[in-house]
Amino acid sequence: MSAESPGASDRISRLRESFRAWRWQRPFWAGLLSLLAGVPIMYFPYNDLNAGGFTINMSTTAGSASLIIGVLLVVLGLTMWFQPMVRVFAGVATILLGLVSIPVSNFGGFLMGFLLALFGGGMSIAWAPGEAPSAQPAEGPGNASEDDGNGGDVPEPAGAGSAPDQEATNGRHRAG
């Protein structure tokens, strides 16, 4: 009997595929960056940094504000994962909290939390849900084949035909 059973690899494959499907249905990386943005913003005001023989105390009077901003960024990151329909609100709130963290929380967690919040919020705003793939291949100008005279098929060049966003009469874009 082998040490690895075939059932374990099937379960791992199914878990991996289900995680991939879950990840593709939401702004996963935006949520991860927003979640990670809260960590340095919360961490630095409450901990000491040791540089050489010196201890640098980073606690400020706005330490509670740093904690609130960091917790809100973590919550917004989780919101992007589990409620993807509010991704635009969560993205805008993430960007605003990242900007507020600059004066409040040691330059936004020494710019680490600030930059992660900006990128995460921007990615959340820009993310759009994808369309489900169709089961049948689309019939279009690029799928037709021609006879080359020798009995073989020659596919149509990729650039042949008009672009879908252009009118066939004069080549102008629909918007103008």
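Residues numbered from 1 in each chain as written. Predicted model: local features only at pLDDT ≥ 70, side-chain atom pairs only at ≥ 80, totals over all residues. Heavy atoms only, no water.

S.K.: Hey, could you run me through the UniProt feature "transmembrane region" (unreviewed entry) in the protein chain in this one?
M.R.: In the numbering used here, UniProt assigns the feature "transmembrane region" (unreviewed entry) to residues 28-46, 58-78 and 85-104. Across residues 28-46 one finds 84% helix and 0% strand; the C-alpha atoms that close the span lie 29 Å apart. (UniProt positions renumbered as here; feature names shortened; annotations may be inferred. Helix = DSSP H or I, 4+ residues; strand = E, 2+ residues; numbered from the N terminus.)

S.K.: Looking at this structure, I do not really get the packing of helix α2 (residues 28-43) against helix α6 (residues 112-126). What am I missing?
M.R.: For any two helices packed against each other, one specifies the inter-axial angle together with the distance between the axes. The N-to-C vectors of α2 and α6 enclose an angle of 160 degrees; their axes lie 8 Å apart at closest approach. Between α2 and α6, the angle is such that the two are roughly antiparallel. In this structure, α2 meets α6 at a crossing whose hand is left-handed. On α6, the residues touching Trp29, Ala30, Leu33, Ser34, Leu36, Ala37, Pro40 and Ile41 of α2 are Met112, Gly113, Phe114, Leu116, Ala117, Phe119, Gly120, Gly121, Met123 and Ser124. Of the residues in the contact of α2 with α6, the class split is 13 nonpolar, five polar and no charged. (Axes fitted to C-alpha atoms, helices over the stretch in contact; angles between N-to-C directions. Parallel < 35°, antiparallel > 145°, perpendicular 65-115°, else oblique. Left-handed = near helix turned anticlockwise from the far one by under 90°. Contact = heavy atoms within 4.5 Å. Nonpolar A, V, L, I, M, F, W, Y, C, P; charged D, E, K, R; others polar.)

S.K.: Even after reading the chapter, I still don't get helix α4 (residues 87-104), so can you show me in this structure?
M.R.: Since the α-helix turns once every 3.6 residues, residues separated by three or four places project in the same direction. An ideal rise of 1.5 Å per residue puts 26 Å on 18 residues; α4 measures up with 25 Å between its terminal C-alpha atoms. Taken residue by residue, α4 has Arg87, Ala90, Gly91, Ala93, Thr94, Leu97, Gly98 and Ser101 as its buried positions. All buried residues of α4 fall inside an arc of 165 degrees around its axis, so they share one side. Exposed residues on α4 whose side chains face more than 90 degrees from its buried face are Phe89 and Pro103. Against α2, α3 (63-82), α5 (106-110) and α6 lie the buried residues of α4. Among the residues trailing α4, asparagine 106 stands out with phi positive, at a value near 50 degrees. (Expected span 1.5 Å × (residues − 1). Buried < 20%, exposed > 50% of the residue type's maximum accessible area, 1.4 Å probe, protein only. Arc of directions from axis to C-beta.)

S.K.: Explain the nonpolar core to me, please; I cannot follow it from the model alone.
M.R.: Soluble globular proteins tend to bury their nonpolar side chains together. Membership of the largest hydrophobic core is limited to 11 residues, which are Ala30, Ala37, Ile41, Ile69, Leu73, Leu76, Met80, Ala90, Ala93, Leu97 and Ala117. Going through the elements one at a time, α2, α3 and α4 are the ones with two or more residues in this core. Per element, the largest residue contribution to this core is four residues, and it comes from α3. (Core = buried A, V, L, I, M, F, W, Y, C linked by side-chain atoms within 4.5 Å.)

S.K.: Is there a simple way to think about the packing of α3 against α4 in this case?
M.R.: Packing of α3 against α4 leaves a shortest axis separation of 10 Å and a crossing angle of 160 degrees. One element, α3, and the other, α4, form an angle in the roughly antiparallel class. Helix-helix and strand crossings are classified by hand; for α3 and α4 the assignment is left-handed. Between α3 and α4, the residues in contact are Ala65, Ser66, Ile69, Leu72, Leu73, Leu76 and Met80 and Ala90, Gly91, Ala93, Thr94, Leu97, Val100, Ser101 and Val104, respectively. Across the contact of α3 with α4, the residue classes tally to 11 nonpolar, four polar and no charged.

S.K.: Would you mind showing me how to read α3 here?
M.R.: For α3, built from 20 residues, the straight-helix expectation of 28 Å at 1.5 Å per residue is met to within 8% by its first-to-last C-alpha distance of 29 Å. Those residues of α3 lying buried are Gly63, Ser66, Ile69, Gly70, Leu73, Leu76, Gly77, Met80 and Trp81. Projected down its long axis, α3 shows its buried positions confined to an angular sector of 150 degrees, all on one face. Of the exposed residues in α3, those oriented more than 90 degrees away from the buried face are Ile68 and Phe82.

S.K.: For this particular structure, what's the right way to read the packing of aromatic side chains?
M.R.: Two descriptors summarise a pair of aromatic rings, namely the distance from one centre to the other and the angle between the planes of the rings. With the rule as written, the count across this model stands at eight aromatic pairs. Considering the side-chain rings of tryptophan 22 and tryptophan 81, the 6.3 Å spacing of their centres and the 70 degrees angle between planes classify their relative orientation as edge-to-face. With tryptophan 22 in helix α1 (residues 6-24) and tryptophan 81 in helix α3, the pair connects residues that are 59 residues apart, well separated along the chain. Taking relative accessible area as the criterion, tryptophan 81 reaches 13% and is therefore assigned buried. (Phe/Tyr/Trp six-rings, centres within 6.5 Å; stacked < 30°, edge-to-face > 60°.)

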